[in-house]
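# Working through the structure, step by step
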Amino acid sequence: RALRVFVVQPCLLCVLAPLRLCVSPGPGFASGPVRVQPGMDHHFTTQLRRTPSGPRYTGRMNDTINTPRRRLLGLSLIPIVLAALIGGSVALGGPDPTTGPPATVTPAPEEAPLNWKSVDRLIADQKFQAALDMVTQLRDQATAEKNTEDWTRALVEATQLRVALHGYETAVKELLENPWPEDPTSRAILDLYTAQAMVTYAQQYSWEVRERERIISDDQVDLKRWTHDQIVAAAHQAYGRMWAQRDDWGDGPLGDFSRYLFQNSYPPRIRGTLRDAISYLWVDLLEDSSLWRPEDESEIYRLDLEALAEGNPRLNADQMADTAIHPLERMAAILGDLERWHQGADRTEAALEARLSRVRRLHSAVEDSEDEVTLRQGLQSTLQDIDPQLEWWAMGQATVAGFEQQEETPDALIRARETALSGLERHSAGVAAQACRHIVAEIEAPRYSVGAMSNDGVGRRSIRVNHRNMNTLFFRAYELDLEEIIRSGKDYNLLPGHREVPTYLAHRSPVAQWSVDLPPTTDYRDHHTDVVPPLNSKGAYLVIASAREDFKAHANRRLAFNFIISDLVLIRRPLEGRWEITARHGFSGDALPDVEMDLYRADWRKGHRRIATYRTASDGRVTIDLDDRSHRYYLLARHGEDLDLDGPLSPTYDSEPGHTKAALLYTDRSVYRPQQTIHWKVLPFSGGGEDHQYETLPNTQTTVTLKDGNREEVASQTVTTNNFGSASGSFEIPAGRMLGQWSLETSVGYSSTSIRVEEYKRPTFTVEITDPAEALRLNRPAVLSGQVDYYFGLPVAEGDIRWKVTREPVYPRWWSWWRPWPVAPSRVVASGDGRIEADGSFEIAFTPEADEREAERGVTYRFRLTVDATDPGGETRSADRSFRLGFTAVEATIDLGGGFVPSHQAHEISILRTDLDAIPRPGSGTWRLVGLANPPQTLTPAQEPVAVDEENPHQIEGDRTRPRWNTS
């Protein structure tokens, strides 16, 4: 999933602004570039603030509804991040080394009084270290006086200041180690900041934190050794402690928390209570998939989405902080609890908002279109029981419309528009109405783009318009004098660009202008219309398209492209240090002799100038040498009325293609012990080129070097090859060096080979995983067996085994034809321990689970079983075996026995029936042989028919043709 991070350079007064906790803004509004509709002035956020009166944030409601797969950087807030981004860069653990020490280290003046106003003044002056020193004194004073208000504030301010000074780890550590006030409110506030500080620490040190290994110890483990999962778990535990107090807060507003939380701009009846604020802040953290475990991301398909959409399961406070429970389950439980609480108090709209938020988050997390439809239909069913007179019912309609916008069915946008209009019919003003109005405006918005051939013949459909919600598109064509443009040009772009378009429109007369009536796009989606330009004279043109007939820039989209009408086509091919140019007839493909080509050198200072003229031979070819590597070149070719412009051309490098010099290195074995001797042989050779000829190098001196696992030189020897081109030698491996992978390297072509240096003993037994008795199936219990035997033949009669099973998807070759190839690392799906039986056998039982919906689409899964067996003497040996499983158990492979078969002769076709692991499986099957009907004539790629959905009533004629430039 893509995570979009927007870097904002704040004003200096905002650096210490509050830890900013952003709550998903209402009806699925997603982060990202947006167009704000006039009048939409709602900032739906709850955020941590700096005490006592930090700067307030203003903003607008994002107007992109339900962006697919969106992931909010929940709780990415923090002044921490803002402080780190000053100057446009992020510094971790210290000041920016490019700017020197920050001015913030200046100590506070001695005469400054010890109070919070002085702290605010130091922060405003960016004297963060001095402010931190004063806050520390205020904290010590408040601690001694048991002043819980100042005590809490000092802990929060100190955390923010340390973060602003890039001390992320110190900020977390000091907050955890300093004593806290005992009253529940203060501890809840500090838990809130602890959770955020933890998350920010994990994000800022993400790479280093994720490399740590978990340490199991009865003693307290230092924060520097906490793993990523432990840090995230601590953040959730802090929220869990706050959430456990939710019944004590009642239905009042922020109250004592108002010093530390900005009130969001939801209507108070929707998200106006402290319980709302804490609940939504926590679910934002749970929704952030960058903090999930890998198995959380890959096992979404196992969740009961319908139950989660209803707000189940119901979990207690301890379960809510348990990271073993899926984040989406905990998110659903929190919002389900909030919905039931509001419903019990007859706050129907607030309860509906909790449901909408829950379904939106689930919808953005799932990847299967069937799941998305299930969630959308469930929400529609819920809205049928809500009074349409309530404003938030319209917000529900906007949410449903946003879901429908993402669906790929032909009528999806039609349904989304109707759903949003139904909300507007009931409510014409307010936040929900604006959300519905925006969806309608976005669906109905006109747009277009243009693609065109750069060189084409007369009367061809050279222009392709991609359009929606438009009736007419206007064109103007201006004739270009290529020779004059090249002579007068002072730019590397020889042809007119975007800067010249207004000049042509204002001061030139078009040689042709026309309009195209675009077919209606009844499904509000993009469709294609081909355009044949009414230009009958060969030459070069600048063509400008406009949505307005007068071509003015206001409220208009103008696109332009350069276009040559000609039957002359130049084809270029790089050779050794030169270019081969072939001139051909564009329609027939015939070679064109006697084509005149002017070679121009591009020079934006002195002007482009012609440096040579060539003429093609009878085969239409000419060879051009370019020796000046500091310039670019263009070719202007003419053949009667036909012309073509080709470039830029750059000099090619003259080298022997594929010529190399290297060596082959051999050793007498691959694994050695310390103090053993490595016997090696080296065979230098050279050659390659177009003829792929290689030869050895006799009587050639070469140096062979032995390097250890640290890439340090251990020994070196210089030898001379014999008459056959080989040489040999030996190295003794010294003791005391790092074990692992060593290497032998030679000075000829820097060739190398690797060996292993290990302390080892000869194994005494083997482990084997046997073939399964029957074919395995997805999501069905599987039992696998194995055998552990000594090399002398008897079984290992006792011992332990440890095993694990990993899973990775295997996509068919045709999968990437129309969709990107997914990135799917292997996941551990099962593991366990067992015993070796008296006969040396063992059994392993597990269920190979996977999403069968993907298997139905052709995806199979490779499960790899790894077994470690340990005998009573402590020796451990391993074995592994992979099993490929899909929705079916067998597959057929057809061997035609060659691509061409002589007619009127008998021919055999072999069919092999196997399971997915290529193990032969007997059984029955059917086959048929069909003949392919040849087309009556050979078609060009652009003439090949397009596979269209005949059941889609919204397609237009242009959708059934290919673009002229489709070369695939």
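The residue numbering used here restarts from 1 in each chain and proceeds along that chain's sequence as written. The predicted origin of the model limits local features to residues at a pLDDT of at least 70 and limits the giving and counting of side-chain atom pairs to 80 or more, whereas totals for whole chains, interfaces and linings rest on all residues. By convention in this description, side-chain values take in all heavy atoms of the structure and omit both hydrogens and water.

## Here we look at the overall build of the protein
Spelled out, the test is: Only runs of H or I of at least four residues qualify as helices and only runs of E of at least two qualify as strands under DSSP, and these elements are numbered from the N terminus. Here a residue-residue contact requires only that any non-hydrogen atoms of the pair lie within 4.5 Å. Throughout, the Shrake-Rupley method with a 1.4 Å probe supplies accessible areas, and for residues the shown protein chains are the sole cover considered.
Along the backbone of the protein there are 23 helices and 35 strands. Counted over contacts in the protein with a minimum sequence separation of 6, partners at least 24 positions apart contribute 68%. Only carbon and sulfur atoms are counted for the fraction: they give 48% of the accessible area of the protein, which is about 49500 Å².

## Examining the confidence of the model for the protein
Just so we agree on the cut-off: Per residue, pLDDT captures the predictor's confidence, and it can take any value from 0 to 100.
Averaged over the protein, the pLDDT score is 82; the fraction of residues at 70 or greater is 85%. Across residues 1-47 the pLDDT falls below 50, and counting only partners more than four positions away or on other chains, this stretch makes 181 contacts in the model.

## Here we look at the environment of Pro772
Condition: Burial status follows relative accessibility: with a 1.4 Å probe on protein chains alone, a residue under 20% of its type maximum counts as buried, one over 50% as exposed, and anything between as partly exposed.
For Pro772, the location among the structural elements is in the loop between strand E27 (765-769) and strand E28 (782-790). Judged by relative accessible area, which is 12%, Pro772 ranks as buried. The spacing of Pro772 and Leu784 is 12 residues in sequence and 5.9 Å in space, taken between C-alpha atoms. With residues near it in sequence (within four places) discarded, Pro772 still touches Leu784, Phe883 and Arg921.

## Here's the deal with the packing of aromatic side chains
Here is the rule: A pair of aromatic rings is counted whenever rings of Phe, Tyr or Trp (Trp by its six-membered ring) have centres within 6.5 Å, and the orientation is called stacked for planes under 30 degrees apart, edge-to-face for over 60 and tilted otherwise. Two thresholds decide whether a charge sits over a ring: the Lys NZ or Arg CZ must be within 6 Å of the ring centre and within 35 degrees of the ring normal.
In the structure shown here, the tally under the stated rule is 14 aromatic pairs. Arranged with centres 5.3 Å apart and planes meeting at 10 degrees, the rings of Phe475 and Trp514 form a pair that is stacked. Taken together, the residues span a long stretch of sequence, with Phe475 in strand E6 (residues 472-480) and Trp514 in strand E7 (residues 512-517) at a distance of 39 residues. Taken as a pair, Phe475 and Trp514 share a single burial class, namely buried. Taking the centre distance of 6.1 Å and the plane angle of 70 degrees together, the rings of Phe685 and Tyr694 count as edge-to-face. Through pairs of rings, three or more aromatic residues link up here, namely Tyr168, Tyr201 and Tyr205. Across from the ring centre of Trp243, 3.6 Å away, lies the NZ or CZ of Arg246, which sits over that ring.

## Re the sheet that holds strand E32 (residues 860-870)
As a reminder, the rule being used: Pairing between strands is defined by DSSP: at least two bridges between the two strands are required. To get an axis, fit a line to the C-alpha atoms, keeping to the stretch in contact for a helix; angles then go from 0 to 180 degrees between the N-to-C directions.
What the 4 strands build is an open sheet, ordered E30-E29-E32-E33; its pairing is antiparallel. The sheet is open, and its two edges are formed by strand E30 (827-835) and strand E33 (876-885), each paired on a single side. Strand-to-strand twist across the sheet, computed as the mean angle between neighbouring axes with direction ignored, equals 15 degrees. Bridge count between strand E29 (residues 800-810) and E30: 8 bridges; the pairing is antiparallel. Within E30, the residue paired with Lys804 across the bridge is Ser831.

## Describing the pairing of strand E5 (residues 463-468)
Most of E5 is tucked away: 5 of the 6 residues are buried. By the bridge criterion, 5 bridges tie E5 to strand E8 (residues 527-531) in an arrangement that is antiparallel. Bridged to Val465 within E8 is Thr529.

## Looking at the environment of Gly858
Position of Gly858 relative to the elements: it lies in the loop between helix H23 (852-856) and E32. With a relative accessible area of 31%, Gly858 lands in the partly exposed category. Sequence separation between Gly858 and Val810 is 48 residues, and the spatial gap between their C-alpha atoms is 9.1 Å.

## Concerning the sheet that holds strand E9 (residues 539-546)
With mixed pairing, the 5 strands of this open sheet are ordered in space as E4-E10-E9-E6-E7. In this open sheet, the two strands that pair with only one neighbour each are strand E4 (455-456) and E7. Bridge count between E9 and strand E10 (residues 558-565): 8 bridges; the pairing is antiparallel. When the sheet's bridge partners are listed, Ile544 is paired in E10 with Ala560.

## Details of the pattern of salt bridges
Two side chains that carry opposite charge are able to pair once their charged atoms sit near each other. This is how it is decided: A pairing counts as a salt bridge when a side-chain nitrogen of Lys or Arg comes within 4 Å of a carboxyl oxygen of Asp or Glu.
Taken as a whole and judged by the stated rule, the model has 57 salt bridges. The closest approach of N and O atoms between Asp411 and Arg415, which form a salt bridge, is 3.4 Å. A single network of salt bridges, built from pairs that share partners, joins Arg376, Glu404, Glu407, Asp411 and Arg415.

## Examining the nonpolar core
Stated precisely, the cut-off is as follows: Think of a nonpolar core as a cluster: buried Ala, Val, Leu, Ile, Met, Phe, Trp, Tyr and Cys residues, connected wherever their side-chain atoms sit within 4.5 Å.
The biggest cluster of nonpolar side chains holds 97 residues, and the ones touching the most others in it are Tyr239, Leu261, Trp282 and Leu328. Per element, the largest residue contribution to this core is 11 residues, and it comes from helix H6 (residues 184-204). Beyond its immediate sequence surroundings of up to four residues, Leu328 is in contact with Trp292, Ile300, Leu303, Leu308, Leu362 and Ala365. Formed by 29 residues, the second largest nonpolar core is a distinct cluster that contains Phe765, Tyr811, Tyr861 and Leu885.

## Focus: helix H16 (residues 348-365)
Condition: By definition here, a helix of n residues has an expected span of 1.5 Å times n minus one.
Look at H16: 26 Å from first C-alpha to last across 18 residues, which is about the 26 Å you get at 1.5 Å a residue. With respect to burial, H16 is a largely interior element, 17 of its 18 residues being buried.

## Side note on unusual backbone geometry
Geometrically, the link from Asn312 to Pro313 is a cis peptide bond, its omega value of 5 degrees lying close to zero. Along the chain, the position of Pro313 falls in the loop between helix H13 (305-309) and helix H14 (317-320). Following Gly647, the chain continues to Pro648 via a peptide bond in cis, the omega torsion being 5 degrees. Positionally, Pro648 belongs in strand E17 (residues 642-649). The phi torsion at Phe551 lies on the positive side, around 65 degrees, for a residue other than glycine. Of note, Phe551 is situated in the loop between E9 and E10. Its identity as a non-glycine residue notwithstanding, His904 has a phi of 65 degrees, on the positive side. Tracing the chain through its elements places His904 in the loop between strand E34 (890-895) and strand E35 (910-915). Given a relative accessible area of 84%, His904 falls into the exposed group.

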